[in-house]
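A closer look at the structure
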Amino acid sequence: MAIKYWEFEDAPLKDKIRSPKIKEIAKIFFENETEAYRFSKLILAVKKNSKLRLKDIPEGIPIATAKRYLDYAVQIGLIKHEANAYELTDRYSRPFRNIAAYIKAWMDSDAEEDLETEFANARTEKQKRRGGRAQPNQAADPAVPEP
């Protein structure tokens, strides 16, 4: 996600909230303009119709693409999917405040954290080379096989 820290600070937010646009929301989730456009078009259709079925998707967007974008919107909590229709939902107001409170509490805490036990299944070793150009110090690195 492309959330920039200054976009949701108080002063810029007050300016943006006067005229909210789906483009700003789509830019959070997609950097590619085509993907952001398709996502915006579908979410706007859900907003205009209050409910959107796959058979009623806007012209120019294939059904499989629309389903993929709408399912992504459900996954991130922007819309909900019930009774074969997509509709807007409000899952962000409380959770975002809670996330902000949790991050602030973490910043203020002095507790020691052991990441090795927190992420027990994470791969922590350096990856082996999978090809590419030969390194000049290749002989010194026993993890890299000779060509």
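Structure: above.
This report concerns the structure included in the present document. (Residues numbered from 1 in each chain as written. Predicted model: local features only at pLDDT ≥ 70, side-chain atom pairs only at ≥ 80, totals over all residues. Heavy atoms only, no water.)

Compared with the 20 Å implied by 1.5 Å per residue over 14 residues, the 20 Å span of helix α4 (residues 63-76) between its first and last C-alpha is a close match. Considered for burial, the residues of α4 that qualify are Thr65, Ala66, Tyr69, Leu70, Ala73 and Ile76. Buried residues along α4 cover an arc of 125° about the axis, so they all sit on one side. Relative to its buried face, α4 has exposed residues pointing more than 90 degrees away, namely Ile63, Ala64, Arg68 and Gln75. As for α4, its buried residues are in contact with α2 (22-29), α3 (33-49), β1 (79-82) and β2 (85-88). Phi turns positive one or two residues past the end of α4, at Gly77, with a value near 90°. (Helix = DSSP H or I, 4+ residues; strand = E, 2+ residues; numbered from the N terminus. Expected span 1.5 Å × (residues − 1). Buried < 20%, exposed > 50% of the residue type's maximum accessible area, 1.4 Å probe, protein only. Arc of directions from axis to C-beta. Contact = heavy atoms within 4.5 Å.)

With that settled, the discussion passes to the packing of aromatic side chains. Following the criterion strictly, the structure yields 6 aromatic pairs and no others. Site record: aromatic cluster; members linked through ring pairs are Phe29, Phe30, Phe39, Tyr69 and Tyr72. (Phe/Tyr/Trp six-rings, centres within 6.5 Å; stacked < 30°, edge-to-face > 60°.)

With that settled, the discussion passes to the pattern of salt bridges. Evaluated as defined, the whole model comprises 2 salt bridges. Salt-bridge contacts for Lys67 lead to Asp71; the nearest nitrogen and oxygen are separated by 2.9 Å. On the criterion of helical spacing, the pair formed by Lys67 and Asp71 is a turn pair, its members being 4 residues apart in helix α4. Overall, Asp71 belongs to the partly exposed group, its relative accessible area being 31%. Here Lys104 ties to Asp108 by a salt bridge, and the two come within 3.6 Å at their closest N and O atoms. Highlighted residues: Lys104 and Asp108, both in helix α5 (residues 93-108), separated by 4 residues, approximately one helical turn. Of the residues examined, Lys104 reaches a relative accessible area of 47% and is grouped as partly exposed. (Salt bridge = Lys/Arg side-chain N within 4 Å of Asp/Glu carboxyl O.)

Moving on: α3. Residues separated by three or four positions in an α-helix point in the same direction, a consequence of the helix having 3.6 residues per turn. Here α3 is 17 residues long and its end C-alpha atoms lie 24 Å apart, about the 24 Å a rise of 1.5 Å per residue gives. Looking at α3, one finds that the buried residues are Ala36, Phe39, Ser40, Leu42, Ile43, Ala45 and Val46. For α3, the secondary structure elements touched by its buried residues are α2, α4, β1 and β2. The N-cap residue of α3 is Asn32: its side-chain oxygen and the backbone nitrogen of Thr34 are 2.8 Å apart. (Polar contact = N/O pair within 3.5 Å; in protein donor to acceptor, adjacent residues only side chain to side chain.)

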